[in-house]
Amino acid sequence: MVTIANVFERAKISSFRFDFAGNGESEGSFQYGNYRREVEDLRSVLQHLRGENRVISAIVGHSKGGSVVLLYVAKYKDVQAVVNISGRFFLERGMEWRLGKDYFKRIRENGFIDVRNRKGKFEYRVTEESLMDRLTTNTHEACLSIHENCRVLTVHGTNDSIVHVTDASEFAKHIKNHKLCLIEGADHEFTSHQHQLASTVLAFFKLDPKDSVQAAKFCPRWPV
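Residues numbered from 1 in each chain as written. Predicted model: local features only at pLDDT ≥ 70, side-chain atom pairs only at ≥ 80, totals over all residues. Heavy atoms only, no water.

## A closer look at the packing of helix 2 (residues 35-51) against helix 3 (residues 64-75)
- The N-to-C vectors of helix 2 and helix 3 enclose an angle of 70°; their axes lie 9 Å apart at closest approach. As summarised for this structure, helix 2 and helix 3 are arranged roughly perpendicular, according to the angle between their axes. Facing helix 2, whose interface residues are Tyr35, Glu38, Val39, Glu40, Leu42, Arg43, Leu46 and Arg50, helix 3 presents Lys64, Ser67, Val68, Val69, Leu71, Tyr72 and Lys75.
- Taken together, the residues of the contact of helix 2 with helix 3 break down into 8 nonpolar, 1 polar and 6 charged. (Axes fitted to C-alpha atoms, helices over the stretch in contact; angles between N-to-C directions. Helix = DSSP H or I, 4+ residues; strand = E, 2+ residues; numbered from the N terminus. Parallel < 35°, antiparallel > 145°, perpendicular 65-115°, else oblique. Contact = heavy atoms within 4.5 Å. Nonpolar A, V, L, I, M, F, W, Y, C, P; charged D, E, K, R; others polar.)

## Structural notes on the pairing of strand 5 (residues 151-157)
- Taken across its 7 residues, strand 5 has 7 buried, putting it largely inside the fold.
- Looking at chain direction, strand 2 (residues 81-85) and strand 5 are connected through 5 bridges and run parallel. When the sheet's bridge partners are listed, Val82 is paired in strand 5 with Val152.
- Of the strand pairs in this sheet, strand 5 and strand 6 (residues 178-183) are connected by 6 bridges, and their pairing is parallel. (Buried < 20%, exposed > 50% of the residue type's maximum accessible area, 1.4 Å probe, protein only. Pairing = 2+ DSSP bridges.)

## Some points on helix 6 (residues 128-135)
- Those residues of helix 6 that fall on the buried side of the exposure criterion are Ser130, Leu131, Asp133 and Arg134. The arc that holds every buried residue of helix 6, seen down its axis, measures 155°, which confines them to one face.
- Contact partners of the buried residues in helix 6: helix 2, helix 4 (95-99), helix 5 (103-110) and strand 4 (122-127). (Arc of directions from axis to C-beta.)

## Comments concerning the sheet that holds strand 1 (residues 59-62)
- As summarised here, the arrangement of the 4 strands in space is 1-2-5-6, forming an open sheet in which the pairing is parallel. Taken across any chain shown, the strands that pair with only one partner, and hence form the sheet edges, are strand 1 and strand 6. The average undirected angle you get between the axes of adjacent strands in this sheet is 15°.
- Helix 9 (residues 194-206) rests against strand 2, strand 5 and strand 6 of the sheet, and its axis sits at about 170° to strand 5.

## A short note on the packing of aromatic side chains
- One pass over the full model with this rule turns up 7 aromatic pairs.
- Seen from their ring centres, Phe18 and Phe20 are 5.2 Å apart, and the 80° between their planes marks the pair as edge-to-face.
- The class of Phe20 is buried, set by a relative accessible area of 15%.
- Look at Tyr72 and Tyr76: their rings are 5.1 Å apart centre to centre, the planes differ by 40°, and that puts the pair in the tilted class. (Phe/Tyr/Trp six-rings, centres within 6.5 Å; stacked < 30°, edge-to-face > 60°.)

## A closer look at the pattern of salt bridges
- What the rule picks out here adds up to 11 salt bridges.
- Linking Arg36 and Asp133 is a salt bridge whose minimum nitrogen-to-oxygen distance equals 2.9 Å. Here Arg36, found in helix 2, pairs with Asp133, found in helix 6; they are 97 residues apart in sequence, far enough to count as distant.
- Using a relative accessible area of 42% as the deciding quantity, one classes Arg36 as partly exposed.
- By relative accessible area, which is 14% here, Asp133 ends up buried. (Salt bridge = Lys/Arg side-chain N within 4 Å of Asp/Glu carboxyl O.)

## What to know about the confidence of the model for the protein
- Of the residues in the protein, 89% reach a pLDDT of 70 or more, and the chain-wide mean stands at 88.
- Note that residues 220-224 has pLDDT below 50 and, in this model, 11 contacts with residues that lie over four places away or in other chains. (pLDDT = per-residue confidence, 0-100.)

## Notes on the environment of Ile85
- Tracing the chain through its elements places Ile85 in strand 2.
- According to the relative accessible area criterion, Ile85 is buried, its value standing at 0%.
- Between the C-alpha atom of Ile85 and that of Ala168, which follows or precedes it by 83 residues, the distance is 9.1 Å.
- Ignoring anything within four residues of it in the chain, the contact list for Ile85 reads Met1, Ile4, Val60, Gly61, His62, Ser63, Gly66, Val155, Phe190, Leu197 and Val201.

## A look at the nonpolar core
- The biggest cluster of nonpolar side chains holds 29 residues, and the ones touching the most others in it are Leu42, Ile59, Tyr72, Val73, Val79, Val82 and Ile146.
- The set of elements that each furnish at least two residues to this core consists of helix 2, helix 3 and helix 7 (139-145).
- In terms of nonpolar packing, the next biggest core, distinct from the first, is built from 18 residues, Ile13, Val83, Cys181 and Ile183 among them. (Core = buried A, V, L, I, M, F, W, Y, C linked by side-chain atoms within 4.5 Å.)

In structure tokens form, the structure reads like this:
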């Protein structure tokens, strides 16, 4: 996201980056799931910026943030362009990798699961409430609720081992005004493809949606 912000700055486009509570440099405790609260946190940020007479042209989110920006525009119809980078469509997937086998049974028995890193150090606690928040968040329904006047771009790496590239295709199936760009060889963090990612996002941002010729050329790997 830093590279994207830098590319935007060079294009004389201002951007505002922030971490949700308990993530990155933000204070607060990390909550597994918590999609609904993060949508409202995003709402507060946008309202603050509008109070400062800023025009919100687009919102961009990576990984879980990609899912959050889509959930946002499904609920609030006040943003006309969204970029979803490596977002997860199937929220029920990926949990066994993080929480271990029989996670649902264990969390029902104990009320929580403590997640530790490979060195055994405690990272965060997953409660039954936060787990159910994730499992009851309906991405499919949200995608269908996004207004056709809202342009959505999904960018995904073909070598993403965290969120499989097939999730990206699901967004393309269910969002009315959607473009999908697959970056060959990129992983979940676009480690070796940062500038390609940033250029793709900038091109979408500057794209005139009325120009059908340029829209067709926007990304060479649109799905059929």
